[in-house]
Amino acid sequence: MRIFKLLGCLSVAAALVCANATAEQAVTLEVIGNIKTFTDPAKRLFVLTPAHFQALPQSSITTATSWTPVATFSGVRMDDLIKATGAQGNYVEIHALDDYSVRISVSDFRKYGVIIARYMNGQPLPRNGFGPYFIIYPKDKYPRELSTPTAEAKFVWQVNRIEFK
Ligand SMILES: Nc1nc2c(c(=O)[nH]1)N[C@H]1C(S)=C(S)[C@@H](COP(=O)(O)O)O[C@H]1N2
Ligand SMILES: [Mo]
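Residues numbered from 1 in each chain as written. Chains lettered and ligands numbered in written order. Predicted model: local features only at pLDDT ≥ 70, side-chain atom pairs only at ≥ 80, totals over all residues. Heavy atoms only, no water.

(A) Local environment of the overall build of the protein chain. In terms of helices and strands, the protein chain carries six helices and ten strands. Out of the 165 residues in the protein chain, the part that is buried amounts to 43%. A fraction of 61% describes how many contacts in the protein chain between residues 6 or more apart in sequence connect residues 24 or more apart. Of the roughly 9100 Å² that the protein chain leaves accessible, carbon and sulfur atoms contribute 57%. (Helix = DSSP H or I, 4+ residues; strand = E, 2+ residues; numbered from the N terminus. Buried < 20%, exposed > 50% of the residue type's maximum accessible area, 1.4 Å probe, protein only. Contact = heavy atoms within 4.5 Å. Areas by Shrake-Rupley, 256 points an atom, 1.4 Å probe, with all protein chains shown as cover.)

Given below as structure tokens:
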């Protein structure tokens, strides 16, 4: 398989596939702000590569969202991301590739077991389809509380940066 991949990368026809593979490796999640653990102390940055993200405890939530049918989303509980980064503070700002951002109270994380998902039904979320990361609340478990416009605004897709405040 590895040989095939290598040969494939050498052929022009497979250039797009290889570009995709590279993009997958470049999918990083940047954590900044009120944190105590850094991958780049000088810049006070904690950057998670896909491998680093995968090495954190993995959790999943099975739910529908307003945009997706019932599916199992998996990734890292926001509580575990807080532990991994030594984050403090009462809220976070979630930022997305499309410049959307929303503020979420840290109290939501324990209350609902919110996860930052990388996979939907075992497939990595593509950038053009809710990826690279998607904030998931257990909407089906709390249909009333998690279907309000305020709650829906917190299901951020295309997440690439999280700032602890
Ligand atoms: N990346 C990203 N996530 C997002 C949004 C967005 O514009 N970009 N909109 C939010 C808001 S305000 C709501 S209500 C829901 C649904 O957005 P929609 O009504 O544009 O589908 O997704 C949330 N997540
Ligand atoms: Mo919204």
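On we go from here.
(B) Region of the structure containing the pairing of strand S10 (residues 159–164). In terms of strand pairing, strand S1 (residues 29–33) meets S10 through four bridges, oriented parallel. Within the sheet, the bridge partner assigned to Ile32 lies in S10 and is Glu163. The pairing of strand S5 (residues 91–96) with S10 spans five bridges and is classified as antiparallel. Looking at S10, one finds that His95 is bridged to Arg161. (Pairing = 2+ DSSP bridges.)

(C) Main features of the site of ligand 1. Ligand 1 sits among Trp67, Ala96, Asp98, Tyr100, Glu152, Ala153, Phe155, Val156 and Trp157. Here a nitrogen atom of ligand 1 sits 2.8 Å away from a polar atom, N or O, in the side chain of Asp98. Trp157 places a main-chain nitrogen or oxygen 2.7 Å from a nitrogen atom of ligand 1. Surface burial for ligand 1 is 64%, taken as the share of its 500 Å² of free accessible area covered by protein chains. Looking at the shell around ligand 1, its residues break down into seven nonpolar, no polar and two charged. (Near = heavy atom within 4 Å. Polar contact = N/O pair within 3.5 Å; in protein donor to acceptor, adjacent residues only side chain to side chain. Nonpolar A, V, L, I, M, F, W, Y, C, P; charged D, E, K, R; others polar.)

(D) Examining the environment of Gly75 more closely. Summarising the element assignment, Gly75 is placed in strand S4 (residues 71–77). Note: C-alpha distance between Gly75 and Ile116 (41 residues apart in sequence) is 5.6 Å. Those residues in contact with Gly75 that lie beyond four places of it in its chain are Phe53, Pro57, Gln58, Ser59, Ile115, Ile116, Ala117 and Arg118.

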